[in-house]
Amino acid sequence: MHSFGYRANALLTFAVTILALMCAMASISDNFNHPSPSAHVEVLNINWFQKQSKGNDEVSMQLNISADLQSLFTWNTKQVFVFVAAEYETPKNSLNQISLWDGIIPSREHAKFWIHTSNKYHFIDQGSNLRGKEFNLTLHWHVMPKTGKMFADKIVMSGYRLPEEYR
Amino acid sequence: MDWQGQKLAEQLMQILLLAFAVVAFATGYISGSFQMMVLIYAVGVVLTTLVTVPNWPFFNRHPLKWLDPSEAEKHPKPQEAVSAKKKPAKNSSTPTQEAS
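Note that the structure is predicted; figures quoted are calculated from it, not measured. (Residues numbered from 1 in each chain as written. Chains lettered and ligands numbered in written order. Predicted model: local features only at pLDDT ≥ 70, side-chain atom pairs only at ≥ 80, totals over all residues.)

**Section: the UniProt feature "transmembrane region" (unreviewed entry) in chain B**
Reasoning step 1: If you check UniProt for "transmembrane region" (unreviewed entry), the listed places come out as residues 12-32 and 38-59 of chain B in our numbering.
Reasoning step 2: Across residues 38-59 of chain B, helical content stands at 68% and strand content at 0%; the span's end C-alpha atoms are separated by 30 Å. (UniProt positions renumbered as here; feature names shortened; annotations may be inferred. Helix = DSSP H or I, 4+ residues; strand = E, 2+ residues; numbered from the N terminus.)

**A short note on helix H2 (residues 34-52) of chain B**
Each α-helix winds once per 3.6 residues, and so residues spaced three or four apart point in a common direction.
Reasoning step 1: Here H2(B) spans 27 Å end to end across 19 residues, near enough to the 27 Å set by a 1.5 Å rise per residue.
Reasoning step 2: Among the residues making up H2(B), those that are buried are Phe34(B), Met37(B), Tyr41(B), Gly44(B), Val45(B), Thr48(B) and Thr52(B). For H2(B), the angular spread of buried residues about the axis comes to 105°, placing them on one side. Exposed and facing more than 90 degrees away from the buried side of H2(B) are Gln35(B), Val43(B), Val46(B) and Leu50(B).
Reasoning step 3: Lining the buried residues of H2(B) we find helix H1 (4-29) of chain A together with helix H1 (3-31) of chain B. (Expected span 1.5 Å × (residues − 1). Buried ≥ 20, exposed ≤ 12 C-beta atoms within 10 Å, placed from the backbone. Arc of directions from axis to C-beta. Contact = placed C-beta atoms within 7 Å.)

**Remarks on the pairing of strand S3 (residues 77-88) of chain A**
Residues and elements named next belong to chain A.
Reasoning step 1: Here 10 bridges tie S3 to strand S7 (residues 134-145), and the two strands are oriented antiparallel to one another. The residue bridging alanine 85 from the neighbouring strand is threonine 138, located in S7.
Reasoning step 2: Two elements, S3 and strand S4 (residues 96-105), share nine bridges in a ladder whose sense is antiparallel. The residue of S4 that forms the bridge with phenylalanine 83 is aspartate 102. (Pairing = 2+ DSSP bridges.)

**Considering the interface of chain A and chain B**
Reasoning step 1: Residue-level contacts link 18 residues of chain A with 23 residues of chain B.
Reasoning step 2: Of the residues in the side of chain A that touches chain B, the class split is 13 nonpolar, three polar and two charged. (Nonpolar A, V, L, I, M, F, W, Y, C, P; charged D, E, K, R; others polar.)

**Things to note about the UniProt feature "signal peptide" (unreviewed entry) in chain A**
Reasoning step 1: Under the feature "signal peptide" (unreviewed entry), the UniProt entry names residues 1-26 of chain A.
Reasoning step 2: Between the end C-alpha atoms of residues 1-26 of chain A there is a gap of 31 Å, over a span that is 88% helix and 0% strand.

**Examining the sheet that holds S3(A)**
All names here are of chain A.
Reasoning step 1: The strand order across the open sheet built from four strands is S4-S3-S7-S8, with neighbouring strands paired in antiparallel fashion. Edge positions in the sheet fall to S4 and strand S8 (151-161), since each of these pairs with one other strand and no more. Taken pair by pair, the neighbouring strands of this sheet meet at an average axis angle of 20°, ignoring direction.
Reasoning step 2: In this structure, S7 lies alongside S8, joined through nine bridges in antiparallel fashion. Among the inter-strand pairings, histidine 142 is bridged to a residue of S8, identified as alanine 152. (Axes fitted to C-alpha atoms, helices over the stretch in contact; angles between N-to-C directions.)

**Quick look at the environment of Arg108(A)**
Residues and elements named next belong to chain A.
Reasoning step 1: Take arginine 108: it is sitting in the loop between S4 and strand S5 (112-118).
Reasoning step 2: Arginine 108 sits 29 residues away from glutamine 79 along the chain, and the two C-alpha atoms are 8.8 Å apart.
Reasoning step 3: If sequence neighbours within four positions are ignored, arginine 108 has contacts with Gln70 and Phe73.

**So, the nonpolar core**
Note on soluble globular proteins: their nonpolar side chains tend to be buried together.
Reasoning step 1: By size, the foremost hydrophobic cluster in this structure holds 18 residues, and its most contacted members are Leu69(A), Leu72(A), Val80(A), Val82(A), Val84(A), Leu139(A) and Trp141(A).
Reasoning step 2: For this core, the secondary structure elements donating two or more residues are strand S2 (57-68), S3, S4 and S7 of chain A.
Reasoning step 3: Listed in part, the 17 residues of the second largest apolar core include Leu11(A), Leu17(B), Val45(B) and Phe59(B). (Core = buried A, V, L, I, M, F, W, Y, C linked by C-beta atoms within 7 Å.)

**Some thoughts on the packing of H1(A) against H2(B)**
Reasoning step 1: Where H1(A) contacts H2(B), the axes come no closer than 11 Å and their chain directions differ by 160°. Judged on the interaxial angle alone, H2(B) and H1(A) are roughly antiparallel. For H1(A) against H2(B), the interelement crossing comes out right-handed. Along the contact surface, H1(A) presents Arg7(A), Leu11(A), Ala15(A), Leu19(A), Met22(A) and Ala26(A), while H2(B) presents Phe34(B), Met37(B), Tyr41(B), Val45(B), Thr48(B), Thr49(B) and Thr52(B).
Reasoning step 2: Of the residues belonging to the contact of H1(A) with H2(B), the class tally is nine nonpolar, three polar and one charged. (Parallel < 35°, antiparallel > 145°, perpendicular 65-115°, else oblique. Left-handed = near helix turned anticlockwise from the far one by under 90°.)

**Observations concerning the domain arrangement of chain A**
Residues and elements named next belong to chain A.
Reasoning step 1: Split into domains, chain A comes out as domain 1 (1-32) and domain 2 (35-161).
Reasoning step 2: One C-alpha centre belongs to domain 1, the other to domain 2; they are set 41 Å apart.
Reasoning step 3: At the interface, six residues of domain 1 touch six residues of domain 2.
Reasoning step 4: Considered class by class, the residues forming the side of domain 1 that touches domain 2 number three nonpolar, two polar and one charged. (Domains from an automatic or database assignment.)

And the structure:
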């Protein structure tokens with residue numbers, strides 16, 4: 001503490017150490033938030049359902065996605081990444097996940113939304129397993145904090161059965 | 001800055017920073033604004049810097065009281081034995097310097 005430089009150095013070191021501590025506490029405080037998000041995804045219509053020339057099944061559908069993710073936001077939340085996946089079982093793989101739609105929610109004000117869309121990403125099976133296949137629609141989310149630990153969770157929703165014939 | 005001033009500066013720095021950190025965290029958490037927390041803490045760091053880093057007069061209120069030079073003359077250091085041992089060493093080095 002005998003010179004200007006020494007004092008400046010000590011202050012800066014201590015200040016940054018405390019800042020790191022505050023960030024850690026902010027991350028810990030996220031654990032006290034118990035979110036209760038709700039979501040509903042509905043398949044309105046199958047636009048078309050076909051077999052590609054390579055032999056893979058491909059579906060295009062109309063989706064109606066509504067969700068209330070406001071409770072996921074805390075003071076330490078930067079944004080929330082959310083995606084809707086179709087999940088189903090095939091003889092070869094016990095779990096197949098195909099992302100149909102995704103979005104980034106930048107703030108609590110945008111966390112209650114309703115969207116009517118066709119699937120943003122192709123719903124293609126690696127094979128020819130989709131005829132008459134029943135799949136679950138799952139809403140996954142990743143909470144990205146300003147500092148600290150990332151959280152991820154999902155809601156599994158009632159499924160939908162694809163038609164037996166291509167159309 | 002004198003000894004007491006240095007101690008005061010260090011303690012002030014630690015107490016002020018901790019106090020600002022507590023206030024900033026509480027305000028940020030209650031108002032639900034991370035930005036608010038960082039802002040209050042940044043202001044706190046700047047204020048603490050202004051208070052504790054420059055050499056303010058109030059850090060110099062306990063100057064060291066040095067003895068008067070006349071005291072040293074009254075009590076001269078007993079250096080005779082030390083200088084007597086050093087002199088032979090100096091003498092041994094001088095011939096080599098003369099040779100070169």
